[in-house]
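Descriptive analysis of the structure
Letter by letter, the chains look like this.
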Amino acid sequence: MLEYVWAGVLAVIAGPAAFEIFGLGVPITVLMVFGGFVIGIVGGATPGLAGPFLMAVSLPILLSIFGFTPDALLPVLGFLVGVMKGATVGGAVPAILFNTPGTPDAMLTTFDGYPMAQKGQAGKALRTAHFASVSGDTFSDIVLFTCAPFLAIAVEAYLGFGEKAALILLSLAFVAAVVGASPMKGMIAAFFGLFVAAIATGEDSYPRLTFETDFLANGVPLITAVLGVLILGEVLYAFEQMWRDRRVEKIKEVQQEGDQRLTWAERKRLFPYISVSALIGTGIGALPGIGSTLAATLGYATGDRMHKGPVKFGDGTPEGVAATEAANSSVSGANLIPVLSLGIPGNVGAVFLILAAESIGGFNPGPGVFRFTTSEVNPELVIAFGLFTAMMLANIMNWIIGGRIMAACGVMSRIPKQVLLPIVLLLTLTAIYVQETDFNAFYFAFAFAILGYLMRKLKVPTLPFVIAFILAGNLETSIRQAFAVSGGDSWFLFKSPLSILFLLIAVGVIIFFSRPKKPAANKAIAAERDS
């Protein structure tokens with residue numbers, strides 16, 4: 001194991017050099033992690049960009065630059081990891097300074113961060129958010145490095161084709177039931193994703209759902225569909241919202257007063273809140289589909305119960321900022337546990353890591369990655385430990401320079417939407433063309449943009465559609481293999497106790513989250529939200 005770990009570290013720090021300084025080569029992967037981290041903070045501090053958009057636009061451009069060789073894996077994945085971590089930190093900047101969260105999970109940061117800024121403590125609030133965010137993120141990464149290999153080994157040892165198919169169905173049920181307000185709408189989105197992915201695909205040579213047209217003969221381009229639903233659909237929806245709300249509020253400057261530093265005594269006082277929220281965020285992040293918004297909510301609510309200070313949560317206390325930021329940041333590392341050990345993405349950021357690995361080839365996230373072979377080198381395992389090294393490098397950069405970059409990015413929140421949205425639209429369309437180099441990709445992109453817009457209007461979550469679209473191929477392969485191994489038995493999914501257990505849990509998850517909430521519970525939730 002130690003030899004594989006060291007090989008992964010060397011693949012990053014002793015890999016191909018981008019350029020030399022005084023005769024010393026600067027590794028391209030380290031440079032890409034740094035570039036992605038800086039861009040991620042800037043994008044996270046800009047409402048309307050955020051990490052998923054930056055990763056979506058960057059991926060096709062990176063693939064066109066580095067190509068599809070195995071040497072491109074670590075630089076591309078390193079850049080995406082840097083963006084993911086930087087955007088998580090940067091989302092707190094507009095939430096604290098201007099009461100405008102850069103990301104949805106930073107909404108709760110506004111409850112205490114913005115009141116602190118109004119009191120002249122914006123610098124202290126930013127330092128608190130940075131300290132809590134990087135602490136939670138580092139803890140989550142350590143859990144990832146520890147748990148993912150052992151979980152993958154257990155899955156590889158005990159799960160056959162039928163069990164793996166049932167596990168994918170369980171993951172889709174979990175994502176569909178948890179994401180969004182209605183489990184039924186989530187199920188509809190997931191089934192529609194499987195339906196669209198079935199066009200012109202399959203292990204047989206007979207095309208499906210193509211209407212005998214050349215346009216659909218090769219199926220739906222993966223990246224085009226994902227970018228269309230996630231990014232272009234959001235752009236169209238944002239255009240409509242901007243048209244409805246033309247009023248622009250003037251930002252009132254507040255003079256900063258007092259000591260803006262975060263002392264060791266204050267850090268010590270924040271530590272219990274950060275620890276509890278990091279545990280909550282890591283536990284939630286390990287489950288596919290739940291996301292960081294719920295983690296931030298639970299972290300904030302738990303911190304509120306723990307708090308005994310003179311300033312209440314919601315009135316501008318650093319503990320509220322710390323509880324929220326530690327919770328939402330600790331999700332990012334734990335979200336990669338199901339990605340690397342099972343090949344199942346749990347959030348939008350993980351989706352683009354999966355897409356990068358599938359596009360380049362040579363690294364297939366799943367149980368097969370963590371095979372500690374001794375007779376021959378397992379290159380996928382080296383890449384996995386190289387990815388862990390890139391994540392730790394991003395954490396180190398965050399500890400050293402993340403706070404200073406955060407403080408310098410406040411000006412990004414002043415960019416008006418009427419300027420930002422056309423830029424987002426142009427960059428996304430450029431990224432689609434760079435990836436596909438075919439004008440027909442624009443037809444697909446516009447179709448899925450309209451689909452994404454309609455899903456948002458109807459309050460149908462887009463993430464179940466995207467994850468189902470990505471996992472459709474693995475699900476079909478597992479079902480076909482399990483059916484073949486069973487000798488053509490129609491009940492092949494019910495032959496194993498584990499697969500039956502997974503299917504029962506999937507049904508239980510859907511039933512549990514489909515239960516109507518009691519009116520009293522709804523009133524309590526609304527009262528807590530208003531407070």
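The following paragraphs examine the structure supplied in this document. (Residues numbered from 1 in each chain as written. Predicted model: local features only at pLDDT ≥ 70, side-chain atom pairs only at ≥ 80, totals over all residues. Heavy atoms only, no water.)

Here's the deal with the packing of aromatic side chains
What counts, and what does not: In summary, the pairing rule links any two rings of Phe, Tyr or Trp, Trp by its six-membered ring, whose centres are within 6.5 Å, and it sorts them by plane angle into stacked for under 30 degrees, edge-to-face for over 60 and tilted for everything else. By the criteria applied, helices consist of DSSP H or I runs no shorter than four residues and strands consist of E runs no shorter than two, each listed in order from the N terminus. Only protein chains enter the accessibility calculation, which uses a 1.4 Å probe; a residue is then buried when its area is under 20% of its type maximum, exposed when over 50%, and partly exposed in between.
As enumerated under the stated definition, the model contains 20 aromatic pairs in all. Ring plane angle 35° and centroid distance 6.5 Å describe the contact between Tyr 273 and Phe 313, whose orientation is recorded as tilted. Of this pair, Tyr 273 sits in helix H11 (residues 264–285) while Phe 313 sits in the loop between helix H12 (292–306) and helix H13 (318–334), placing them 40 residues apart in sequence. Given the relative accessible area of 9%, Tyr 273 is considered buried. A relative accessible area of 9% means that Phe 313 is categorised as buried.

Description of the pattern of salt bridges
Note that side chains of opposite charge can pair when their charged atoms are close. The condition is simple: By definition here, a salt bridge exists when the distance from a side-chain nitrogen of Lys or Arg to a carboxyl oxygen of Asp or Glu is within 4 Å.
This model, assessed by the stated rule, comprises 9 salt bridges. Lys 85 is paired through a salt bridge with Asp 141; the nearest N and O atoms lie 2.7 Å apart. With Lys 85 in helix H4 (residues 73–90) and Asp 141 in helix H7 (residues 122–158), this pair connects stretches of sequence that are 56 residues apart. The residues Lys 85 and Asp 141 share a single accessibility class, namely buried. With its nearest N and O atoms 3.0 Å apart, the salt bridge here joins Glu 240 to Lys 457. One end of the pair, Glu 240, is in helix H10 (residues 222–244); the other, Lys 457, is in helix H18 (residues 440–457), and 217 residues separate them in sequence. Among the residues examined, Glu 240 registers a relative accessible area of 16% and is labelled buried. Ionic contacts of the salt-bridge type, sharing partners, join the residues Lys 85, Asp 137 and Asp 141 into one network.

What about unusual backbone geometry?
Positive phi outside glycine occurs at Lys 459, with the angle close to 60°. Its location among the elements puts Lys 459 in the loop between H18 and helix H19 (463–485).

Structural notes on the layout of surface pockets
Heads up, the condition is: Using protein atoms alone on a 1 Å grid, points that fit a 1.4 Å probe yet trap it form a cavity, whereas open point sets bounded by protein on both sides within 12 Å along at least five of seven lines form a pocket; residues with an atom within 4 Å of a point count as lining. Grid points are joined across faces, edges and corners, and a volume is the space filled by probe spheres set on the points. In the scheme used here, Gly and all other residues not listed as nonpolar or charged are polar, with Ala, Val, Leu, Ile, Met, Phe, Trp, Tyr, Cys and Pro taken as nonpolar and Asp, Glu, Lys and Arg as charged.
Each pocket or cavity is described by its volume, and for the second largest pocket that value is around 890 Å³. Lining the second largest pocket are 36 residues; nearest its centre among them are Glu 358, Ile 470, Gly 473, Asn 474 and Thr 477. Ranked by residues supplied to the lining of the second largest pocket, first place goes to H19 with 9 residues. For the lining of the second largest pocket, the residue count by class is 20 nonpolar, 12 polar and 4 charged.

Re the packing of H10 against H19
What counts, and what does not: Axis definition: a line fit to C-alpha positions, over the contact stretch in the case of helices; interaxial angles, taken between N-to-C directions, run 0 to 180 degrees. Here the word oblique covers every angle except those under 35 degrees (roughly parallel), over 145 (roughly antiparallel) and from 65 to 115 (roughly perpendicular). Residues count as neighbours in contact if any of their non-hydrogen atoms are within 4.5 Å of one another.
Close contact between H10 and H19 brings their axes to 10 Å; oriented N to C, the two are set at 175°. Between H10 and H19, the interaxial angle falls into the category roughly antiparallel. Contact residues: Leu 222, Ala 225, Val 226, Val 229 and Leu 230 in H10; Phe 465, Val 466, Phe 469 and Ile 470 in H19.

Here we look at the pairing of strand S1 (residues 17–21)
Put simply, the test is: At least two bridges found by DSSP between two strands is the condition for calling them paired.
Bridge analysis of S1 against strand S2 (residues 24–27) gives 4 bridges, and the strand direction is antiparallel. Directly across from Phe 19, in S2, lies its bridge partner Val 26. Counted along the chain from S1 to the antiparallel partner S2, the turn is 2 residues long, and its residue Phe 22 has a positive phi close to 55°.

A closer look at the nonpolar core
To keep things clear, this is the line we draw: What makes a nonpolar core is a set of buried Ala, Val, Leu, Ile, Met, Phe, Trp, Tyr and Cys residues whose side-chain atoms join them at distances within 4.5 Å.
Judged by nonpolar contacts, the single largest core of 135 residues is most densely connected at Leu 144, Phe 352, Phe 363 and Phe 370. In this view, Phe 363 contacts Leu 73, Leu 77, Leu 340, Ala 357, Val 369, Glu 380, Ile 383 and Ala 384; residues no more than four positions away in its chain are not counted. Grouped together as the second largest cluster of nonpolar side chains are 7 residues, Phe 131, Ile 274, Ala 322 and Ala 326 included.

Some thoughts on empty space enclosed by the protein
Counting across every chain of the model gives 1 cavity of 30 Å³ or more. Put simply, the largest cavity is a space of about 60 Å³. Lining the largest cavity are Leu 77, Leu 336, Val 339, Leu 340, Leu 353, Ala 357, Phe 363, Pro 365 and Leu 387. At the level of elements, helix H14 (336–342) and helix H15 (348–360) are the ones that each hand at least two residues to the lining of the largest cavity. With 3 residues, the single largest contributor to the lining of the largest cavity is H14. For the lining of the largest cavity, a count of residues per class yields 9 nonpolar, no polar and no charged.

Quick notes on the side chain of Thr 282
With respect to the helices and strands, the residue Thr 282 is situated in helix H11. Beyond its immediate sequence surroundings of up to four residues, Thr 282 is in contact with Phe 139, Ser 140, Val 143, Ser 330 and Ala 334.

Read these as spatial facts, not as claims about activity.
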